[in-house]
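The chain contents come next:
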Amino acid sequence: TPPYAANTASLDELKKIKAKTIRLIETVPDARKRTCRLIDRMMARKPADRHQNYKDLLAEIIEVENKLGSRRRPGSAISSAPPSEEAKKPLWIKPAVAAGLALLLIAILAFVFRGNKDDDLNAALLSGGNDRVLVAGEQNIAARYVEARNLLGEGKTNRAQKLFQIILKAEDLKEPTRTWTEFNLGLCLLLQGNEKGARTAFLKLSQANKKPDIDESASALIDFFSHTGTVLNDVLPVRNNITVLSGNGGAQEGIAYLAFGLKNWNQGQFDSALRFFKQFQASIFPEPYSWIESLKKQVSNYQQDGEVLKGLPNPHISMSNGELGKIETQLIQARKKLTSSGSAPQLLDDRIERCKTLLIEKKRLASLPKPTLPLLPPVVAPPTVFAAVPMLADSASTAPQPNDKGPAIDAKSMEELKKLWTVEDVALGLGSNFEFPQALSRFEMVQAETPLARELLADEMQIVKRAESFLGQLISKLNEGKYQGEVLRKEGKPLIAKITGATRSSMTVDLGFGGNEVALEEFSPVWLLNLAQDLFGDSAKENPELVGDAVCFAWATEEHDLALKLAKKGKSHPDEFVAMWKRMMKNRPRD
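Residues numbered from 1 in each chain as written. Predicted model: local features only at pLDDT ≥ 70, side-chain atom pairs only at ≥ 80, totals over all residues. Heavy atoms only, no water.

## Section: the overall build of the chain
When its secondary structure is counted, the chain shows 23 helices and four strands. Burial statistics for the chain: of 591 residues in total, 44% are counted as buried. Restricting to contacts in the chain with at least 6 residues of sequence separation, those with at least 24 account for 65%. Of the roughly 30700 Å² that the chain leaves accessible, carbon and sulfur atoms contribute 53%. (Helix = DSSP H or I, 4+ residues; strand = E, 2+ residues; numbered from the N terminus. Buried < 20%, exposed > 50% of the residue type's maximum accessible area, 1.4 Å probe, protein only. Contact = heavy atoms within 4.5 Å. Areas by Shrake-Rupley, 256 points an atom, 1.4 Å probe, with all protein chains shown as cover.)

Listed below in structure tokens is the structure:
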């Protein structure tokens, strides 16, 4: 243990620190008092207080040994008779050991009483990566910092976090130790999957104030980590093309890439995170930054988890019970392979839970009684809460109107229509999440006998099929990867992003830092219709079938007002569609 520690570059302050009396009992509390007095005298600051020659030193060593009692070795007691030359040597000081102790003593004294050159002093105060050795009262903060840094490298982030937090509470904590401590604290939290807590640590890092007495290297370090802290404090993931300020020989940039990767990983941006991890792994950390190398082993765990996450299936209600069971088993096995914390295991946990939920829902739907459901109140179209989508050209109003009066409906037909309307409520609930195949299956369970009910049932099934057709065409168009603009979900603020791909169950949304899979059911049906207008452009006006599919999509997703407006704006609807739509509106529930 070094006899002194300091957190100052001031020679005057260092002289005061060195004036403190060294006491062995403080470092080795179980040492014998006589031994402590001997060592303390050997380490005395003033030469007059130390042994004046080797003979005096040896005499006291012999005296202490003779009084050790049961601790001395058998036969090692020294009589008062004049000792022989061999007897003068204490048994615990062999020639080689004595030489080693002498060298150690010389090294210690050289450290304590070395000259006052600034270069030597700075070298003594720095311990790798510009981390300054510290002291706070009787507690050696330097030891705590090194311990915390070692714990971080060993992956013991909880203990490291607590030590870094203690260090930051020390009064008059000098730079660059404060900056490194705040950054490492943020790393600990990111490695624990606590991205929100890490943002708080990085916020303080971004707000660091320079003091006028810091040197140039510490000033550059603060600038670098202040910029890095600002990026890491942002609620959004880190962009792939971010510019990293120049640091010290690339070492600081390397550890910044590590933090960027961890932040994005915790936000579910796995592809982007893996790119940053690759940059970190490629970074070289020479002395005094070699301690960062130990973190590469932990990063390899994230990279292995990235391989596990590739190609994992996303469960959907359209899958059979057997498929969902196999997927659940596959996800559970993949979950056991994960070694990282945070969003990766959460992603698999969510999908595993989704498998269970879908199986329960499919069981519930299958157990619903066939057209013997109780009569529910009539379906009332929701009020208009959006503007009409300017997707279709205006035309002569040949579109059908709801509830056209016609001949009275007989009791048998009315009974079956009421049952059919009830089933429609279930189907619309499924359609609101774009689960059109499941909605179609509900209609297929209905057994209609009267001509009117059979006709309406066929129309209901046709609408669901055409809604699915519209969605399929939209997905094909999205896979061209040409859309970039506003993305609107059912909840949350609009985002500006690029859609790079789509499947029947999800879209790949890129906010500028790598694609992220978002479930299709999270998007607004109205936005999807607007999206179709952007993607199909003027060709939509010349495609009556697509226009009719869009009307059916709006109806099947419970956007009834919008469906009515689109039907009115449709140009040259085919006669078949017009007739179907008239029947649907005529046979809607009435008060």
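So, next bit.
## Considering the nonpolar core
Nonpolar side chains tend to gather and get buried jointly when the protein is soluble and globular. I255 and M507 are the most contacted members of the largest nonpolar core, which totals 127 residues. Of all the elements, helix α19 (residues 451-478) adds the most residues to this core, at 12 residues. M507 has contacts with L478, I499, G501, A502, N516, E517, V518, L520, F523, W527 and L528, leaving out every residue within four places of it along the chain. In terms of nonpolar packing, the next biggest core, distinct from the first, is built from six residues, L38, M42, L57 and L68 among them. (Core = buried A, V, L, I, M, F, W, Y, C linked by side-chain atoms within 4.5 Å.)

## Re the packing of helix α8 (residues 157-168) against helix α9 (residues 177-191)
At a minimum axis separation of 9 Å, α8 and α9 run at an interaxial angle of 150°. By the angle between their directions, the pair α8 and α9 is classed as roughly antiparallel. Crossing geometry of α8 relative to α9 is assigned as left-handed. Only R178, T181, E182, N184, L185, C188, L189 and L191 of α9 make contact with α8, whose side of the interface consists of T157, A160, Q161, F164, Q165, I167 and L168. Of the residues that constitute the contact of α8 with α9, the class distribution is eight nonpolar, five polar and two charged. (Axes fitted to C-alpha atoms, helices over the stretch in contact; angles between N-to-C directions. Parallel < 35°, antiparallel > 145°, perpendicular 65-115°, else oblique. Left-handed = near helix turned anticlockwise from the far one by under 90°. Nonpolar A, V, L, I, M, F, W, Y, C, P; charged D, E, K, R; others polar.)

## Some details on the environment of T557
As for its placement among the helices and strands, T557 is situated in the loop between α21 (544-556) and α22 (560-569). On the accessibility criterion, T557 (3% relative accessible area) is buried. The sequence separation of T557 and V526 amounts to 31 residues, and the corresponding C-alpha distance is 9.3 Å. Not counting the four nearest positions on each side in its chain, T557 is found in contact with G431, S432, F434, F436 and P525. Within the structure, T557 has its side chain in polar contact with the backbone oxygen of A554 (distance 3.1 Å). (Polar contact = N/O pair within 3.5 Å; in protein donor to acceptor, adjacent residues only side chain to side chain.)

## Description of unusual backbone geometry
Of note in this structure, F434 is not a glycine but carries a positive phi near 65°. Tracing the backbone through its elements, the reader meets F434 in the loop between α17 (411-431) and α18 (436-444). Even without a glycine there, the phi angle at E558 is positive, about 70°. Mapped onto the fold, E558 is located in the loop between α21 and α22.

## Quick look at the pattern of salt bridges
Counted under the stated rule, the structure contains 18 salt bridges. One salt bridge connects K156 with E154, and the closest N-O pair in it is separated by 3.4 Å. Taking the shortest distance from any N to any O, the salt bridge between K310 and E307 comes out at 3.2 Å. Comparing K310 with E307 shows no difference in burial state: the two are exposed. (Salt bridge = Lys/Arg side-chain N within 4 Å of Asp/Glu carboxyl O.)

## Regarding α9
Taking 1.5 Å of rise per residue, the 15 residues of α9 would be expected to cover 21 Å, and the 21 Å separating its terminal C-alpha atoms lies within 8% of that figure. Counting buried residues along α9, 14 of its 15 residues qualify, which places the element largely inside the surrounding structure. Two residues or fewer past α9, G193 is found with a positive phi of approximately 85°. (Expected span 1.5 Å × (residues − 1).)

## A few points about the packing of aromatic side chains
Under the definition given, this model contains 22 aromatic pairs. Seen in terms of ring centroids, F277 and Y302 are 5.3 Å apart; in terms of plane orientation they differ by 45°. Their pairing is tilted. Of this pair, F277 sits in helix α13 (residues 270-282) while Y302 sits in helix α14 (residues 296-309), placing them 25 residues apart in sequence. Look at F277 and you get buried, because its relative accessible area is 0%. Each residue in the set W180, F183, F202, F224, F225 and W291 is aromatic and connected to the rest through ring pairs, giving one cluster. Positioned above the aromatic ring of F434 is the side chain of K490, whose terminal nitrogen or guanidinium carbon lies 5.3 Å from the ring centre. (Phe/Tyr/Trp six-rings, centres within 6.5 Å; stacked < 30°, edge-to-face > 60°. Lys NZ or Arg CZ within 6 Å of the ring centre and 35° of its normal.)

## Looking at the sheet that holds strand β1 (residues 484-487)
Taken in spatial order, the four strands line up as β1-β2-β3-β4 in an open sheet, and their pairing is antiparallel. Two strands lie at the open edges of the sheet, namely β1 and β4 (515-519), each paired on one side alone. For this sheet the average axis-to-axis angle between neighbouring strands, irrespective of direction, equals 50°. Bridging between β1 and strand β2 (residues 495-502) involves four bridges; their strand directions are antiparallel. When the bridges of β2 are listed, V487 appears paired with L495. (Pairing = 2+ DSSP bridges.)

## Examining the side chain of N266
With respect to the element layout, N266 can be found in helix α12 (residues 251-266). Accessibility expressed as a relative area gives 14% for N266, which makes it buried. In this structure the side chain of N266 is engaged in a polar contact, spanning 3.1 Å, whose partner is the backbone oxygen of L190. Each residue touching N266, except ones within four places of it in the same chain, is listed here: L190, G193, E195, S341, G342 and S343.

## Considerations on the packing of α9 against helix α10 (residues 195-206)
The N-to-C vectors of α9 and α10 enclose an angle of 170°; their axes lie 8 Å apart at closest approach. By the angle between their axes, α9 is roughly antiparallel relative to α10. On the side of α9, the interface is formed by T179, E182, F183, L185, G186, L187, L189 and L190, while α10 contributes E195, G197, A198, A201, F202, K204 and L205. Residue composition of the contact of α9 with α10, by class: nine nonpolar, three polar and three charged.

## Overview of the confidence of the model for the chain
Per-residue confidence for the chain gives a mean pLDDT of 75, with 74% of residues at or over 70. Confidence drops under a pLDDT of 50 for residues 72-81, and excluding neighbours within four residues, the segment shows 14 contacts in the predicted structure. Note on residues 109-139: pLDDT is under 50 here. Beyond four places in sequence and across chains, it has 77 contacts. (pLDDT = per-residue confidence, 0-100.)

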